[in-house]
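Below are the chains, spelled out letter by letter.
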Amino acid sequence: MSTNSQKPIVLITAGPTREPIDPVRYITNHSSGKMGYAIAGTFLDRGFRVILVSGPVSIGLAHPDLAIVNVNTADEMFAACRQYFPVLQIAVFAAAVADYKPAQVMTEKMKKLAPEFNLQMIKNVDIARAFGEVKRDDQVSIGFALETNDEEQNALKKLFSKNLDLVVLNSTRDNNAAFGFDTNKITIINRDFVFKRFPLKDKHAVARDIADIAVDIRNNVLN
Ligand code: CTP
Ligand code: CA
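All values reported here derive from a predicted model rather than from experimental measurement.

Caption draft 1: View of the site of ligand 1. In the vicinity of ligand 1, 16 residues are found, and the nearest of them are Phe93, Val97, Ile127, Ala128 and Gly143. Of all the secondary structure elements, the ones that give two or more residues to the shell around ligand 1 are helix H3 (127-134) and strand E9 (140-146). A per-element tally of the shell around ligand 1 places E9 first, with four residues. For the shell around ligand 1, a count of residues per class yields ten nonpolar, three polar and three charged.

Pasting the structure below:
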């Protein structure tokens, strides 16, 4: 990372998390990490320092102003993020964090003895919400919402319950949006209930749309 400490800092979470069951098995979510990495690239192009806290993905990114922190579990992602909460200017929570983790991680590989078994799961920490609880007025927080029903209503709930400045609603109705694809169709919603609907675009163009609005909000809070 460059030594230019004048540059504003963006923290971005990306990719899935992996919650271990035993030494050889885990529970995870669909996520290629492409959206989060594209957002990281866009902020680097605009002269920000980027801290990219990434779950396991098969893509990469390199830049002198980029630090990638590789994590597996939601707990690790939270531990990596929280140390940057006081110093970041913009936070973008693009990771598909597993909502639950196994209550106990087996130390030995489970054998397939019983015809069925139950796995007890407990809730993971909500990283975006945790930041929302400590966020200052000069910090901007952006979250994503992927919904299959009552999309806009659910996205609005996330905007306010996590104290976000913007929520980016991903359309699941479009076959070429979200998981694994190079395109995405989003609606960006702010706290004044303004809905900005975008057409299906390449994820890099989507990243620029998100960064444009984030930088606008940041400039407004600084004025
Ligand atoms: N998020 C997070 N930490 C979690 C869960 C979610 O930081 N443990 C963030 C995601 O990165 C995303 C936003 O919160 O920016 C919304 O995630 P989503 O899974 O859509 O919402 P949840 O609050 O987990 O609610 P649900 O899955 O029940 O819809
Ligand atoms: Ca979730």
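Caption draft 2: Focus on the nonpolar core. Core analysis: the biggest nonpolar cluster contains 53 residues, and Ile12, Ile39 and Ile142 have the highest contact counts within it. Take this core: its biggest share by element is seven residues, from helix H1 (residues 34-45). Ile12 has contacts with Gly36, Ile39, Ala40, Val50, Leu52, Val92 and Ala94, leaving out every residue within four places of it along the chain.

Caption draft 3: View of the sheet that holds strand E4 (residues 49-54). Taking strand neighbours across the sheet as the criterion, the eight strands line up as E5-E4-E1-E6-E9-E10-E12-E13 in an open arrangement whose pairing is mixed. On the outer flanks of this sheet lie strand E5 (66-70) and strand E13 (195-197), each paired with one strand and no other. This sheet shows a mean twist of 15° between the axes of neighbouring strands, independent of strand direction. Examined bridge by bridge, E9 and strand E10 (residues 166-170) share five bridges and lie parallel to one another. Pairing of Ala145 across the sheet is with Leu169, part of E10. H1 contacts strand E1 (9-14), E4, E5 and strand E6 (90-93) of the sheet and is inclined by roughly 165° relative to E1.

Caption draft 4: Representation of the pairing of strand E12 (residues 186-190) in the model. Pairing of E10 with E12, which is carried by five bridges, proceeds in the antiparallel orientation. From the neighbouring strand, Val168 faces E12, where its bridge partner is Ile188. The sheet contact formed by E12 and E13 spans three bridges and is antiparallel. Looking across to E13, one finds that Thr187 is bridged to Arg197. The hairpin turn running from E12 into E13, its antiparallel successor, is four residues long, and Phe193 in that turn takes a positive phi close to 65°.

Caption draft 5: Quick peek at unusual backbone geometry. Phi angles above zero are rare outside glycine, and Asn163 is one such case at about 55°. Tracing the backbone through its elements, the reader meets Asn163 in the loop between helix H4 (151-161) and E10. Overall, the presence of 16 C-beta atoms within 10 Å leaves Asn163 in the partly exposed class. One non-glycine residue, Phe193, lies in the positive phi region at around 65°. Position of Phe193 relative to the elements: it lies in the loop between E12 and E13.

Conventions and cut-offs
- Residues numbered from 1 in each chain as written.
- Chains lettered and ligands numbered in written order.
- Predicted model: local features only at pLDDT ≥ 70, side-chain atom pairs only at ≥ 80, totals over all residues.
- Near = placed C-beta within 6 Å.
- Helix = DSSP H or I, 4+ residues; strand = E, 2+ residues; numbered from the N terminus.
- Nonpolar A, V, L, I, M, F, W, Y, C, P; charged D, E, K, R; others polar.
- Core = buried A, V, L, I, M, F, W, Y, C linked by C-beta atoms within 7 Å.
- Buried ≥ 20, exposed ≤ 12 C-beta atoms within 10 Å, placed from the backbone.
- Contact = placed C-beta atoms within 7 Å.
- Pairing = 2+ DSSP bridges.
- Axes fitted to C-alpha atoms, helices over the stretch in contact; angles between N-to-C directions.

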